[in-house]
Amino acid sequence: MTYCVAMRLNSGLVFLSDSRTNAGVDHIGTFRKMSVYENPGDRVMVMMTAGNLSISQSIRQMLTERTNAEGRSIWTATSMYEAAQILGDAIRAVHDREAAELSKFGIDFNVSIIFGGQIRGERCRLFQMYSAGNFIESHDENTYFQIGESKYGKPIIDRVVAPQTSLDEAAKCALISMDSTLKSNISVGLPLDLLVYQNEDLAVTRFVTIDEQNQYFQMIRRSWGSQLKRVFEAIDDPVWDAPPEDTQNVLSSVGDISEPVRVPPPNGVARGLQAVPRQILAEQDGDVGQAS
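So, here's what we can say about the structure. Note that this is a predicted model, so its numbers are computed, not measured. The residue count restarts for each chain, going from 1 along the sequence in the order it is written. Only residues with pLDDT of at least 70 get local features here, since the model is predicted, and only at 80 or more are side-chain atom pairs given and counted; chain-wide, interface and lining totals rely on the full set of residues. Calculation of side-chain values draws on the structure's entire complement of heavy atoms; hydrogens and water are dropped beforehand.

What follows deals with the layout of surface pockets. Cavities and pockets were defined on a 1 Å grid built over protein atoms only: a cavity is a set of grid points that admits a 1.4 Å probe from which the probe cannot escape, a pocket is an open set flanked by protein on both sides within 12 Å along at least five of seven lines, and lining residues are those with an atom within 4 Å of any such point. Grid points are joined across faces, edges and corners, and a volume is the space filled by probe spheres set on the points. In this structure, the second largest pocket spans a volume of roughly 320 Å³. Surrounding the second largest pocket, Lys 151, Tyr 152, Pro 155, Ile 156, Arg 159, Asp 179, Ser 180, Lys 183, Arg 221, Trp 224, Gly 225 and Leu 228 form its lining. To qualify as a helix, a DSSP run of H or I must reach at least 4 residues; to qualify as a strand, a run of E must reach at least 2; elements of each kind are numbered from the N terminus. Broken down by secondary-structure element, the contributors of at least two residues to the lining of the second largest pocket are α3 (154–160), α4 (167–184) and α5 (215–234). For the lining of the second largest pocket, the element with the most residues is α5, which contributes 4 residues. For this scheme, ten residues count as nonpolar: Ala, Val, Leu, Ile, Met, Phe, Trp, Tyr, Cys and Pro. Four count as charged, namely Asp, Glu, Lys and Arg, and the remainder, Gly too, count as polar. In terms of residue class, the lining of the second largest pocket is built from 5 nonpolar, 2 polar and 5 charged.

Our next topic: the pairing of strand β10 (residues 144–148). Regular strands place their side chains on alternate faces of the sheet. Counting buried residues in β10 gives 4 out of 5 residues, a clear majority hidden from the surface. Pairing geometry for strand β1 (residues 3–9) and β10, over 5 bridges, is antiparallel. If you follow Ala 6 over to β10, its bridge partner there is Phe 145. Under the scheme applied here, a residue whose accessible area is under 20% of the maximum for its type counts as buried, over 50% as exposed, and between as partly exposed, the area being computed with a 1.4 Å probe on protein chains only. A pair of strands counts as paired when DSSP detects no fewer than two bridges linking them.

Let us look at the sheet that holds strand β2 (residues 12–17). Strand pairing within a sheet occurs via backbone hydrogen bonds; the two strands may be parallel or antiparallel. One open sheet accounts for 5 strands, arranged β10-β1-β2-β11-β12; its pairing is antiparallel. The sheet is open, and its two borders are formed by β10 and β12 (206–210), each paired with just one other strand. Adjacent strand axes in the sheet meet at a mean angle of 5°, parallel and antiparallel pairs treated alike. Taken together, the 6 bridges between β2 and strand β11 (residues 192–198) define a ladder with antiparallel strand orientation. Following the sheet pairing, Val 14 is matched in β11 by Val 196. What makes two residues a contact is simply this: any of their non-hydrogen atoms within 4.5 Å. Here an angle of 0 to 180 degrees is reported between the N-to-C directions of two axes, which are lines fitted to C-alpha atoms, with helices fitted over the stretch in contact. The strands touched by α4 within the sheet are β1, β2, β10, β11 and β12, with β2 carrying the most contacts at an inclination of about 20°.

Written as C-alpha cells, this is what we have:
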C-alpha cells in the first residue's frame, strides 16, 4: 500500500509520497511513487501513484511517449487539463492491453494517480486520476487530494489547510499527516519524497528525500505526539448526571432519558432484577448489606 497527498494553494503546490510497496513479516519492499516531468522555464508536472505497481510503471513509461489526436504530448500540451487528458489516455491504453490478462489471475486493474503542476501561461492545477482514465480537478472548496491509506492523515489536513495557507505551513501539515499514517499503518513507510513548488518557478527548486535521520521529520515525530497528549490532558473530563443548574462540560444531566439497546438474557439465566438506574441499584445493595 502507500500514502500520497498533494495540496493546491494560492502560492503553489505541495506533493508528498511514501515509498512502501509491500509489507509483511519477512518482506518489505520500497519503490518511489513520485515522478517529475520537468522542462525548466516551460513546465513542471508531478505524478504520484498508488495501487498495482506494474500498472503504474507501465502508465509512467507510456505517458512519456504518448501523443493525442493533435500530436501533442505532455511535453507539448498547451494546458495542464490537456496533459491530464493525455495521462487519462495512457491509463486507458494500459487497461486495454493488460486488464483482461490480469483478470485471468484474479488481479484487478487497480491504480490511483495524483497529477499536478504548472505550464507556462496558466496557473497551477491539480488532478486526481482514476482507473478508468477519468479525473477530477482541485478547486478552493477541495484544496487537496489523497490516494492510498488516506484515512489516518485526513483529519489534520481538514482542520489546517486552506487556499491561503503558506507553502511551508502546508508542507508541515503534510508531514504531520504522513507521520500519523506511519504511526497507524505498517503498509506505509519511509523514505518519503517531498516536493514544494512555488507559483511561476517553472522548475523544481525545493525537493527532499526524507529518511529516519532527517532532522526536521524527527522533530515532527517527537513533538506532534507530545503536543497532542498535552492538549488532550488539558481538556476537562465529562460531567455525568449533572444537576440542572450545571452548564459546564455536561455530558449527561439528571433529567436525561437515555437507554441502551438491551438484549434480554435467556430464560433460566435472568436474575429477575428490574433494570434500574445504576446509582439506585447500588443504594439498594448497600441497604441489603446493612440489613444483613
